[in-house]
Amino acid sequence: MANSDWIITGEGQYDFQSDQGKASYGLLSLARSYGKKIALITSGQGGRNAGFDLVLELPDLDFSSVDYKEKARQNLDRLIGMAILDEKFS
């Protein structure tokens, strides 16, 4: 962590339970102690006010669809690509 510019973590859906000690919240606290920027990748809007420097929100998935895993992969690729193009990790 000491040699990183950004810490990137993810959680299926960041919510009130996340602040109670889930891994992404623990990483947020650790990143702060090192003075590092931290990004959260999640679905939903629950991480917006949690203190992350950047929150990347994935669109909802239709888990009844047979190709939901591929769609999830595409959504993540698109989200990260857009964040890089928009220079959000600067």
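From a predicted model like this one, the values you see are computed outputs, not experimental measurements.

Moving on: the overall build of the protein. Along its length, the protein carries two helices and three strands. Listing each helix as α and each strand as β along the protein from the N terminus yields β-α-β-β-α. Overall, the protein is about 40 × 30 × 20 Å in size when its C-alpha atoms are taken along their principal axes. Taking all 90 residues of the protein together, the buried fraction comes to 27%. Put simply, 51% of the contacts in the protein that link residues at least 6 apart link residues at least 24 apart. For the protein, the exposed area adds up to about 6,000 Å²; of that, 50% sits on carbon and sulfur atoms. The centroid of the 10 positive side-chain charges in the protein is displaced by 2 Å from the centroid of its 13 negative side-chain charges.

The next subject is the side chain of Thr9. Mapped onto the elements, Thr9 comes out in strand E1 (residues 6-13). The buried category is assigned to Thr9, whose relative accessible area is 10%. Setting aside chain neighbours within four positions, we find Thr9 in contact with Ser24, Leu27, Ile38, Ala39, Leu40, Ile41 and Phe52.

Size it by volume and the largest pocket reaches roughly 180 Å³. For the largest pocket, the full set of lining residues is Glu11, Gly12, Ser43, Leu58, Pro59, Asp60, Leu61, Phe63, Ala72, Asn75 and Leu76. Those elements that provide at least two residues to the lining of the largest pocket are E1 and helix H2 (68-85). The dominant element in the lining of the largest pocket, judged by the number of residues it contributes, is H2, at three residues. In terms of residue class, the lining of the largest pocket is made up of six nonpolar, three polar and two charged.

Right, let's get into the sheet that holds E1. The strand order E1-E2-E3 describes an open sheet built from three strands, whose pairing is parallel. Edge strands, defined here as strands with exactly one partner in the open sheet, are E1 and strand E3 (54-58). Strand-to-strand twist in this sheet, taken as the mean axis angle between neighbours without regard to direction, amounts to 20°. As paired elements, E1 and strand E2 (residues 37-43) share seven bridges and run parallel to each other. For Gln13, the partnering residue across the bridge sits in E2 and is Ser43. On the sheet, H2 packs against E2 and E3 and is oriented at approximately 145° with respect to E3.

Thresholds, definitions, all that
Residues numbered from 1 in each chain as written. Predicted model: local features only at pLDDT ≥ 70, side-chain atom pairs only at ≥ 80, totals over all residues. Heavy atoms only, no water. Helix = DSSP H or I, 4+ residues; strand = E, 2+ residues; numbered from the N terminus. Buried < 20%, exposed > 50% of the residue type's maximum accessible area, 1.4 Å probe, protein only. Contact = heavy atoms within 4.5 Å. Areas by Shrake-Rupley, 256 points an atom, 1.4 Å probe, with all protein chains shown as cover. Lys, Arg positive; Asp, Glu negative; His and termini not counted. Charge placed at Lys NZ, Arg CZ, Asp CG, Glu CD. 1 Å grid on protein atoms, 1.4 Å probe; cavity = no way out; pocket = protein on both sides within 12 Å on 5 of 7 lines; lining within 4 Å. Points joined across faces, edges and corners; volume = space filled by probe spheres on them. Nonpolar A, V, L, I, M, F, W, Y, C, P; charged D, E, K, R; others polar. Pairing = 2+ DSSP bridges. Axes fitted to C-alpha atoms, helices over the stretch in contact; angles between N-to-C directions.

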